[in-house]
Amino acid sequence: MSRANLDKDPRAVASMFDGVARRYDLTNTVLSLGRDRSWRRATRKALGLQPGEKVLDLAAGTAVSTVELAKSGAWCVAADFSVGMLAAGAGRDVPKVAGDATKLPFDDGVFDAVTISFGLRNVVDHAAGLREMARVTRPGGRLVVCEFSTPTVPVFATAYKEYLMRALPAVARAVSSNPEAYVYLAESIRAWPDQAALAEQIAASGWSDVGWRNLTGGIVALHSGRKPV
Ligand SMILES: C[S@@+](CC[C@H](N)C(=O)[O-])C[C@H]1O[C@@H](n2cnc3c(N)ncnc32)[C@H](O)[C@@H]1O
């Protein structure tokens, strides 16, 4: 089975996710000790969606994040470049589009809101992904990025680092259809910018009013922004 490296070569990333697709949802829930559901709910609430709005869920994978958003009554489309992940979510009743985050197959300004959960970290040029998300959002439209981040309490941060490097790969070996991918997961989380640094990158990529909120002590952060009018 394949895994990507921190150069995040798009072919290697897509093929790695094709390999984890079959047991992706289950592995997520086990590794996050069930927290994934509350992170998805918090993402939906942070977007403040209204019925009938058009929403892009980018890097949606199996569309597990998209169905949570669709509970709002908004029209939510799942986009991802791993056809294996989209296929694993075939039973989820939301529109699905194969597409690359750095070259989205949508016109300018067509979405009221865009969001990406646990996806931005995997995009080879995440600033380009943020600019593409801004391009397809209408002026005044919203962004929420849900991503692993940096725990805020030092003692908790140390325990979490141990979990990432030791326990997580071991648990993945028991549960995942591609355990090697979870070594990449741990490495990519450790190399990812912290809350303030990511906020700066979002603000430099076409978004205004950028802020964030920590979930589960900063294991995850929700960054939000608005497309300037
Ligand atoms: C960890 S999964 C997240 C899936 C889902 N959003 C969730 O919350 O569980 C990351 C997804 O990002 C997708 N991805 C990574 N880089 C991408 C890119 N450049 N364009 C589109 N999708 C990408 C992968 O194929 C994978 O399905």
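In what follows, the structure referred to is the one given above.
Residues numbered from 1 in each chain as written. Predicted model: local features only at pLDDT ≥ 70, side-chain atom pairs only at ≥ 80, totals over all residues. Heavy atoms only, no water.

**Observations regarding the pairing of strand β5 (residues 137-148)**
- Among the twelve residues in β5, ten count as buried, and that is most of the element.
- Taken together, strand β4 (residues 111-117), helix α6 (residues 126-135) and β5 constitute a β-α-β crossover, and its handedness is right-handed.
- Note that β5 and strand β7 (residues 220-226) share seven bridges and pair antiparallel. Directly across from Arg 142, in β7, lies its bridge partner Arg 226. (Buried < 20%, exposed > 50% of the residue type's maximum accessible area, 1.4 Å probe, protein only. Helix = DSSP H or I, 4+ residues; strand = E, 2+ residues; numbered from the N terminus. Right-handed = clockwise from strand over helix to strand, strands pointing away. Pairing = 2+ DSSP bridges.)

**Description of the state of the cysteines**
- With the rule as written, the count across this model stands at zero disulfides.
- Here Cys 76 is not cross-linked by a disulfide; its sulfur's nearest cysteine counterpart is in Cys 146, at 15 Å.
- The class of Cys 76 is buried, set by a relative accessible area of 3%.
- Overall, Cys 146 belongs to the buried group, its relative accessible area being 1%. (Disulfide = S-S within 2.5 Å.)

**Brief notes about the layout of surface pockets**
- Reported here for the largest pocket is a volume of approximately 470 Å³.
- In this structure, the largest pocket is lined by 28 residues; those nearest its centre are Leu 31, Ser 32, Phe 148, Leu 168 and Leu 185.
- Put simply, the parts of the chain that give the lining of the largest pocket at least two residues each are α1 (10-20), α2 (24-31), α3 (36-47), α7 (154-175) and α8 (180-190).
- Along the lines of polarity and charge, the residues of the lining of the largest pocket split into 21 nonpolar, four polar and three charged. (1 Å grid on protein atoms, 1.4 Å probe; cavity = no way out; pocket = protein on both sides within 12 Å on 5 of 7 lines; lining within 4 Å. Points joined across faces, edges and corners; volume = space filled by probe spheres on them. Nonpolar A, V, L, I, M, F, W, Y, C, P; charged D, E, K, R; others polar.)

**Digging into the sheet that holds strand β3 (residues 96-98)**
- Taken in spatial order, the seven strands of this open sheet run β3-β2-β1-β4-β5-β7-β6, and their pairing is mixed. At either end of the open sheet lies a strand with only one pairing partner, and these are β3 and β6 (208-215). Going across the sheet, the axis of each strand differs from the next one's by a mean of 20°, ignoring polarity.
- Packed onto the sheet, helix α9 (residues 195-203) meets β5, β6 and β7 and runs at close to 155° relative to β6. (Axes fitted to C-alpha atoms, helices over the stretch in contact; angles between N-to-C directions. Contact = heavy atoms within 4.5 Å.)

**Thoughts on empty space enclosed by the protein**
- Counting across every chain of the model gives one cavity of 30 Å³ or more.
- As a volume, the largest cavity reaches approximately 330 Å³.
- If you trace the largest cavity, you find 28 residues lining it, with Ala 59, Asp 80, Phe 81, Gly 119 and Asn 122 closest to the centre.
- Elements with a contribution of two residues or more to the lining of the largest cavity: α1, α4 (64-70) and β2 (75-80).
- Split by residue class, the lining of the largest cavity holds 15 nonpolar, nine polar and four charged.

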